[in-house]
Amino acid sequence: MAERFVILPDNTCDLDEFIRKEYDIEFVPGFYTVDGKDYLNDMTWNSISRADFYAALRKHPEAYSSAPPNIAQYEEAFEKFVKKGLGVLVLTISSKMSGSFDFAQTAKKNICKKYPEAKIMIIDSRKFSAAMGLLCVHASIMRSEGKSLEDVFKTLEDTKLCYHQSGWCEDLPFVAKMGRINGAAAFFGTLISIKALGDIDVNGMTTVIGKAKGDKSGFKAALDYIEKTAVDIKNQVMIVCTTDRDEKALELKRQIEDRFSPKRVLFTTVYPSCGINMGPGMLTCYYKGAPITEGLEKEKAIMNGILGK
Amino acid sequence: MATQKIDGSLFEQMMRNGLGNIILNEKTVNDMNVFPVPDGDTGTNMRLTLAKGIQKAESTAVLSEYVTKLSNGMLLGARGNSGVILSQIFSGISHELEGLDEMSTSDFLRALVCGYKTAYAAVVNPVEGTVLTVAREGTEYVRDLFDPDTSFETILEYYLQGMKRSLKNTPKLLPVLMQAGVEDSGALGFIIIIEGMYKYLCGEVVNSNTRMESNEGSSVVDLDAFTSESSFEFGYCMEFLLRLMKVKTDVEGFDLVGFTDVLKTLGESVVCVQDGTVVKVHIHVFKPSDVINFAQKYGEFLTFKLENMCLQHNENISVSAKKKSHVDLAVVAVGNGYGMKNTLTGFDYVTYIDGGNTMNTSTEEFIEAVKEIDADRIVLMPNNKNIVKSALQAVKILNDNRVDVVETSDPVQCFYALSMDMPSDSIEDRISALKDSCKDVTPLRVFKAVRSCRIDDVDCKEGMYVCSVGSKLVSSDADFVSALKKGIKSIDGYEDKEMCFAFTGKNFNMQEQVERLFDEEFSDYDLQMIPGGQELVDLIVGIA
């Protein structure tokens, strides 16, 4: 029985290197394609700067696409740790968005044929980007508290639908074009100052649950929403992430810290695999809260109340 | 001659003379428009409204039949505030004359009373000092002097005397008129129409080259609608005035019937009217050169108009819904300029109507747009306070409980409300939110004054930049940016606002200066300037 285990998300976890190092989180790299040419997504900005990436993406979104790690890449990653006698806790992007979960399952079958004692447990996070990344951070915290792979797996499975998002996207037409948002068709032509506030539904898709005019109203709504949906906030490690809105994302982080004094608020950036689908202009906070309701009905009602509707 | 009875035929000629008179004086009425913006359109709106009524009314000797169709046509064609009130006056007149083959002077007096009362009832907050007052006081003057033996000529003379006296008094009743030094333009327009009717009875026919004026609107034609690959299926609409020339033909013995018969072999929808030595021609034709060559055998052109009817056709169908498929909620929005069109049609449930420079959409245009839409609910957003009444009139005529009006008085309100729309909400919540959202936006306009005046305690000289907030002038300055800055600072609580978005006019070239102003004075605002392309106003601004 493995006593230690590796936390191994796919490359859509969007955790900056310093977070991965601090929390001892590995990952399985994936690829993204630009004009038919493949590029490795190694969750660094070494091969292209973040500013250049999002500027180019904004100009020609149709040239970009992303792909999860394939079965062989999963097998290679699993084998690396299984050979060392380590258990592997795998987290994948939502199965409703990608084949990553299925590929990981197939890779696990293949590896377990070769290594019958291998312990590989795979979670369909039902999330993407740093929301999944936060699950990984929380898994790491539980691991450091001495919890077993099975316990951490069970806890994450039981609570993965309790992770919320609060923040906004400033480039909705982009997101609408890429189809990674519910009800996208009506968002063309929106004023750029208007903030579309979203939360994640049970499948991991961002759904706009309200709109605020301007940054001031946006920050207020985002923080009020956290207050009404988060649980045990003072003991939480939360995460703020952004594609290319650093100034506003850092302001969001600062306001969260001032108002709620959570245990910690991490800051990370969105890498190409998720960035291609989320687009520029995104800043948000992920945190643990009450279970997400079907159709986000309760969440919409909360936001309507905050916005005075 | 003393006229004691008027039937449908005579009434029609009187109305046509009234139309001719408003056409002749259209500019005078437009110029009396209070605001110094070159969008004075009272005369135009009244002319278009009346012309539509006359166009729709079929000639008949039966008075009630004619007046009913005239009134219905005016209701549909009503444009702007003044056009709608005019249509309501005639609606009241038509109601009182129901069932009559001809009217007596007593019938006419009762009809005038019904006319002004119907108009008053149609206005939510009737304002004295406008056409309502003038029509009422003119009628009361007639009533005081009325005698059943009095002829129509005398009745109309009394009516005009009473109304003109009332018109002189309108500045005392409406401060904005006093400040501008003008009388009410809608009232003047109505007097001019009645005067034309009176003139006909006195044997004075208004120059008929103006009586047949087409009732085309002021909407912008999209030239790209007819390309080098288009199918030329509708031909040209041609209208001209031809002066018969003695060197070319027997002017005294000119055979209009024979002339018309030949034109009918060259085209369709032929109408020819002769007034003295001038012949007015209207014809639809594929080969205009045939008509030109034929006409020049008899004289020379005084005026000439030729339009590709494929463009007119496409202009009409641009009002049609972009999508024929069903939507929960559809919006009919009015705008002007390519930028506004692109912006508003960016929402795929919006049907766009180009209202022309003054965004003056008629009741009929709203109705036609609604008919093209397949939706559970439809909302009209007029974007100009002068056509809110046209929109409300459309709802009344449609008698369709799916249709509602969001009383937007400016396109920035419409754009903001649409941007804040949440398609995932219920339809009724969305409509409610549209109504609430548009109130969050304070509209501002900055434009050049076309005449000097003092309005709302603001002195402006011709050529200065004027800023209005809502319908009130708040600042004027020789410098555009200064006028804008003063305008924004005049808004209550402007320091707490978060965003400013603006449609820039066709010839706007002060983007950098405006951006600098916001960097220096309103740095908390998110500023977004959208090329609007509108003709008359340099900047249409929304502050929220």
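The rules we used
- Residues numbered from 1 in each chain as written.
- Chains lettered and ligands numbered in written order.
- Predicted model: local features only at pLDDT ≥ 70, side-chain atom pairs only at ≥ 80, totals over all residues.
- Heavy atoms only, no water.
- Axes fitted to C-alpha atoms, helices over the stretch in contact; angles between N-to-C directions.
- Helix = DSSP H or I, 4+ residues; strand = E, 2+ residues; numbered from the N terminus.
- Parallel < 35°, antiparallel > 145°, perpendicular 65-115°, else oblique.
- Left-handed = near helix turned anticlockwise from the far one by under 90°.
- Contact = heavy atoms within 4.5 Å.
- Nonpolar A, V, L, I, M, F, W, Y, C, P; charged D, E, K, R; others polar.
- Phe/Tyr/Trp six-rings, centres within 6.5 Å; stacked < 30°, edge-to-face > 60°.
- Buried < 20%, exposed > 50% of the residue type's maximum accessible area, 1.4 Å probe, protein only.
- Arc of directions from axis to C-beta.
- Core = buried A, V, L, I, M, F, W, Y, C linked by side-chain atoms within 4.5 Å.
- Pairing = 2+ DSSP bridges.
- Salt bridge = Lys/Arg side-chain N within 4 Å of Asp/Glu carboxyl O.

**Quick word on the packing of helix H16 (residues 363-371) of chain B against helix H17 (residues 388-398) of chain B**
All names here are of chain B.
Then step 1. Where H16 contacts H17, the two axes come as close as 8 Å, and the packing angle between them is 55 degrees. When the axis of H16 is compared with that of H17, the two are oblique. Once H16 is placed against H17, the crossing between them reads as right-handed. On H17, the residues that touch Thr363, Phe366, Ile367 and Val370 of H16 are Ser390, Ala391, Gln393, Ala394, Ile397 and Leu398.
Then step 2. Of the residues belonging to the contact of H16 with H17, the class tally is seven nonpolar, three polar and no charged.

**Things to note about the packing of aromatic side chains**
Residue and element names in this part refer to chain A.
Then step 1. Under the counting rule described, the total for this entry stands at 32 aromatic pairs over all chains.
Then step 2. Note on phenylalanine 53 and tyrosine 54: the rings are 4.9 Å apart at their centroids and 85 degrees apart in plane angle, and the pair reads as edge-to-face.
Then step 3. Overall, phenylalanine 53 belongs to the buried group, its relative accessible area being 1%.
Then step 4. Geometrically, the ring pair formed by tryptophan 168 and phenylalanine 219 is edge-to-face, given 5.0 Å between the ring centres and 70 degrees between the ring planes. Residue tryptophan 168 is located in strand E7 (residues 163-169), and its partner phenylalanine 219 is located in helix H8 (residues 214-229); the two are separated by 51 residues in the primary sequence.
Then step 5. We classify phenylalanine 219 as buried; its relative accessible area is 8%.
Then step 6. Grouping aromatic residues by their ring pairs yields a cluster made of Tyr32, Tyr39, Trp45, Phe53, Tyr54, Tyr64 and Tyr271.

**A closer look at helix H2 (residues 50-59) of chain A**
Residue and element names in this part refer to chain A.
Then step 1. Along H2, the positions that sit buried rather than exposed are Arg50, Phe53, Tyr54 and Leu57. Viewed end-on, H2 has its buried residues packed into an arc of 90 degrees, placing them on one side of the element. Residues of H2 that are exposed and point over 90 degrees away from its buried face: Ala51 and Lys59.

**Looking at the environment of B:Leu50**
All names here are of chain B.
Then step 1. Mapped onto the elements, leucine 50 comes out in helix H3 (residues 42-56).
Then step 2. Classification of leucine 50 as buried rests on a relative accessible area of 0%.
Then step 3. On a C-alpha basis, the gap between leucine 50 and serine 231 in space is 34 Å, while along the polypeptide they are 181 residues apart.

**Some points on the environment of B:Met510**
Then step 1. Turning to its location among the elements, B:Met510 is positioned in the loop between strand E16 (499-505) and helix H21 (511-521).
Then step 2. If near-sequence neighbours (up to four positions away) are discounted, B:Met510 is found in contact with B:Tyr465 and B:Phe480.

**Notes on the nonpolar core**
Then step 1. B:Phe11, B:Met15, B:Leu70, B:Phe90, B:Tyr159 and B:Phe190 are the most contacted members of the largest nonpolar core, which totals 58 residues.
Then step 2. When residues of this core are traced back to their parent elements, those giving at least two are helix H1 (8-24), H3, helix H4 (63-77), helix H5 (80-96), helix H6 (105-122), helix H7 (131-145), helix H8 (152-173) and helix H10 (185-201) of chain B.
Then step 3. Tallying contributions element by element places H10(B) first for this core, with ten residues.
Then step 4. Setting aside its immediate chain neighbours within four residues, B:Leu70 contacts B:Phe11, B:Met15, B:Gly53, B:Ile54, B:Ala57 and B:Phe90.
Then step 5. Of all hydrophobic cores here, the second largest spans 53 residues; its members include A:Ile19, A:Trp45, A:Leu89 and A:Met121.

**Section: the sheet that holds strand E5 (residues 87-92) of chain A**
Residue and element names in this part refer to chain A.
Then step 1. Judged by pairing direction, the sheet is parallel, and its three strands sit side by side in the order E1-E5-E6 without closing on themselves. Both edges of this open sheet fall to strand E1 (5-9) and strand E6 (120-124), since each of them pairs with a single strand only. Along the sheet, successive strands turn relative to each other by an average axial angle of 15 degrees, direction set aside.
Then step 2. Relative to E5, E1 is paired through five bridges, and the arrangement is parallel. Considered in E5, the bridge of leucine 8 is made with valine 90.
Then step 3. Running at roughly 175 degrees to E1, helix H5 (residues 129-144) makes contact with E1 and E5 of the sheet.

**Describing the pattern of salt bridges**
Then step 1. Summed over all chains, the structure comprises 49 salt bridges over all chains.
Then step 2. Two residues, A:Arg126 and A:Asp124, come together in a salt bridge whose shortest N-O distance is 3.5 Å.
Then step 3. Of the charged contacts in the structure, one is a salt bridge between B:Lys305 and B:Glu239, with a shortest N-O distance of 3.7 Å. Of the two residues, B:Lys305 sits in strand E6 (residues 299-308) while B:Glu239 sits in strand E3 (residues 236-244), which places them 66 residues apart along the sequence.
Then step 4. Owing to a relative accessible area of 26%, B:Lys305 belongs among the partly exposed residues under this scheme.
Then step 5. The network of salt bridges with shared partners includes A:Arg58, A:Glu170, A:Lys195, A:Asp215, A:Asp244, A:Arg245, A:Lys248 and B:Asp526.

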